[in-house]
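Chain by chain, the residues:
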Amino acid sequence: MIKALLATAAAPIFLFATGATAQNAPEEPASAPETSVDKEPIKVRLSLGPQLRPRFPGSDEMFLLPFYDVSITRGDKPFEYESADQGVSFSLIKSTGFAFGPVVQLEGSRRRNETDLPIDEVGTSVEAGGFVDVWLGSSIRARGELRKGVTGHKGLVSDVMLDYVARDGDKWLFSVGPRFSLADRKYQEAYFGVTPAVSARTGLPVYAPDGGVHSVGAAATTLYQLDRHWGLYGYAKYERLIADAADSPIVRTIGSRNQFSGGVALTFTFDTGIRR
């Protein structure tokens, strides 16, 4: 999935030590106005590189496209953990171990000139919905996303992710965990169904898949900081189509049940100098 991650972490700052020093210095006013020095600077990490993904869901061909990411934090606070395959999101509600908010994801198109048979086309899908993050202790994160296709397949999809996360601040990070995806009938029919018209054009048997479990798999994400500014970022993911998606004549004839994706990027981290 095309990745464009943007996360903002913010916390109120209370400088008790500074206040105490001001009280002990008679030449300073008792309540000095707050300046930009009292606030932590915003830090940004940019990532850019290549990735390989299936050309469309169920395809046996790989497609090269950009892999990029934007992450934001403040001061010395580590960047918030995000798996490379999750959607673009931000938190509306956030507390210790819990976050909730909107999420957006993209699914690529399927064109007839990209397939060996004249099956139906599916436009680029913009999927919008919501996510929930729950941390089970300090190293296990569970995440669920529910998204509706606004364009393209116009179906309803859900991804469930469970990750074990090991890290040393921003020096290095590694996560790995299972993936579980579901989809409704509209999504399944868009990518895996064979209508009578398509059957007449292609010779494939008519096939009307139901909604339900779509795939199971696993994903891993890694980050390694080479120096103060430069680092490496990568991910690998495997999905196995199951149930009605796996039994589709399209998958069995010109596709594959095994779906691989992965990417690697160079990262650049810098302080913006902005204090807000």
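Cut-offs and rules
Counting starts from 1 at the beginning of each chain's written sequence and moves along it residue by residue. This being a predicted model, a pLDDT of at least 70 is required before a residue's local features are given, and a value of 80 or more before pairs of side-chain atoms are given or counted; all residues contribute to the totals for chains, interfaces and linings. Computation of side-chain values: all heavy atoms of the structure, hydrogens and water removed. Helix numbers and strand numbers start at the N terminus; a helix is a DSSP run of H or I with at least 4 residues, a strand a run of E with at least 2. Note on exposure labels: buried denotes an accessible area under 20% of the residue type's maximum, exposed denotes more than 50%, and partly exposed covers the range between, all computed with a 1.4 Å probe on protein chains only. Note on contacts: a residue pair is in contact if any heavy atoms of the two residues lie within 4.5 Å. For every accessible area listed, the method is Shrake-Rupley and the probe measures 1.4 Å; residues are considered covered only by the protein chains on display. We define a nonpolar core as any set of buried Ala, Val, Leu, Ile, Met, Phe, Trp, Tyr and Cys residues linked to one another through side-chain atoms lying within 4.5 Å. Paired strands, as defined in this entry, are two strands with at least two bridges between them according to DSSP. When the centres of two rings from Phe, Tyr and Trp lie within 6.5 Å, Trp using its six-membered ring, the rings pair. Their planes under 30 degrees apart give stacked, over 60 give edge-to-face, and anything left gives tilted. Put simply, a charge is over a ring when the Lys NZ or the Arg CZ is close to the ring centre, within 6 Å, and near the line of the ring normal, within 35 degrees. The arc in question is the one spanned by the directions pointing from the helix axis to the C-beta atoms. For this document, the term salt bridge refers to a Lys or Arg side-chain nitrogen within 4 Å of an Asp or Glu carboxyl oxygen. Here a polar contact means two N or O atoms within 3.5 Å. Within protein one must be a hydrogen donor candidate and the other an acceptor candidate, and residues neighboring in sequence count only if both atoms are side-chain atoms.

Caption draft 1: Structural detail: the overall build of the protein. Summing up its helical and strand segments, the protein has five helices and 12 strands in all. Relative to its 276 residues, the protein shows a buried fraction of 41%. Summarising the internal contacts of the protein: among those between residues at least 6 apart in sequence, 64% fall at separations of at least 24. Looking at the protein as shown, the accessible area adds up to about 14,100 Å², and 62% of this sits on carbon and sulfur atoms.

Caption draft 2: Fine view of the nonpolar core. Core analysis: the largest hydrophobic core is formed by 11 residues, namely Val 122, Val 157, Ala 183, Tyr 187, Ala 190, Tyr 191, Phe 192, Leu 241, Ala 245, Ala 246 and Val 251. Every element with two or more residues in this core is listed here: helix 2 (185–192) and helix 4 (243–246). For this core, the element with the highest residue contribution is helix 2, accounting for four residues. Setting aside anything within four residues of it in sequence, one finds Ala 245 in contact with Gln 188, Phe 192, His 214 and Val 251.

Caption draft 3: Focus on the pairing of strand 6 (residues 125–135). Strand direction decides the pairing type here: strand 5 (residues 98–107) and strand 6, joined by 10 bridges, are antiparallel. Bridged to Val 104 within strand 6 is Ala 128. Of the strand pairs in this sheet, strand 6 and strand 7 (residues 140–149) are connected by nine bridges, and their pairing is antiparallel. Across the sheet, residue Asp 133 finds its bridge partner in strand 7, namely Arg 143. Between strand 6 and strand 7, which pair antiparallel one after the other, the connecting turn spans four residues, and Gly 137 there sits at a positive phi close to 85°.

Caption draft 4: Seen up close, the environment of Leu 136. Structurally, Leu 136 is set in the loop between strand 6 and strand 7. Overall, Leu 136 belongs to the partly exposed group, its relative accessible area being 48%.

Caption draft 5: Highlighting the pairing of strand 7. With burial as the criterion, only one face of strand 7 is covered, namely that bearing Arg 141, Arg 143, Glu 145, Arg 147 and Gly 149; the residues Ile 140, Ala 142, Gly 144, Leu 146 and Lys 148 on the opposite face remain uncovered. Between strand 7 and strand 8 (residues 156–168), which pair antiparallel in sequence order, lie six residues; one of them, Gly 152, sits at a positive phi of approximately 70°.

Caption draft 6: How the structure looks around the packing of aromatic side chains. As enumerated under the stated definition, the model contains eight aromatic pairs in all. Measuring from ring centre to ring centre gives 5.1 Å for Phe 67 and Tyr 233, while their planes differ by 35°; the resulting arrangement is tilted. Highlighted residues: Phe 67 in strand 2 (residues 62–74) and Tyr 233 in strand 11 (residues 230–241), separated in sequence by 166 residues. Overall, Phe 67 belongs to the buried group, its relative accessible area being 1%. Ring plane angle 55° and centroid distance 5.1 Å describe the contact between Tyr 187 and Tyr 191, whose orientation is recorded as tilted. With Tyr 187 and Tyr 191 both in helix 2 and four residues apart, this pair spans about one turn of that helix. Lying over the aromatic face of Phe 79, Arg 45 brings its terminal NZ or CZ to 4.3 Å of the ring centre. The positively charged end of Arg 110 is found above the aromatic ring belonging to Phe 56, 5.7 Å away from the centroid.

Caption draft 7: Geometry of helix 2. Of all the positions in helix 2, only Tyr 187, Gln 188, Ala 190, Tyr 191 and Phe 192 are classed as buried. Summarising the axial view, the buried residues of helix 2 lie within an arc of 160°, below the 170-degree limit, and thus occupy one face.

Caption draft 8: The pattern of salt bridges, seen in detail. According to the stated counting rule, one finds 22 salt bridges in the structure shown. Across the salt bridge formed by Arg 185 and Asp 210, the nearest N and O atoms sit 2.7 Å from each other. Taken together, the residues span a long stretch of sequence, with Arg 185 in helix 2 and Asp 210 in the loop between helix 3 (196–202) and strand 10 (212–225) at a distance of 25 residues. With relative accessibility at 47%, the residue Arg 185 sits in the partly exposed group. What emerges from the salt-bridge pattern is a single network uniting Asp 85, Glu 127, Asp 133, Arg 141, Arg 143, Glu 145, Arg 147, Asp 159, Asp 163, Arg 179 and Lys 237.

Caption draft 9: Molecular detail of the environment of Ser 175. In this fold, Ser 175 is placed in strand 9 (residues 172–183). For Ser 175, a relative accessible area of 1% corresponds to the buried category. Note: C-alpha distance between Ser 175 and Ala 220 (45 residues apart in sequence) is 5.4 Å. Ser 175 has contacts with Tyr 81, Tyr 164, Val 165, Ala 219, Ala 220 and Thr 221, leaving out every residue within four places of it along the chain. Side-chain polar atoms of Ser 175 contact the side chain of Tyr 81, separated by 2.9 Å.

Caption draft 10: Structural view of the side chain of His 214. Along the chain, His 214 turns up in strand 10. What makes His 214 buried here is its relative accessible area of 8%. Here Gln 188 takes part through its side chain, which lies 3.3 Å from a polar atom of the side chain of His 214.

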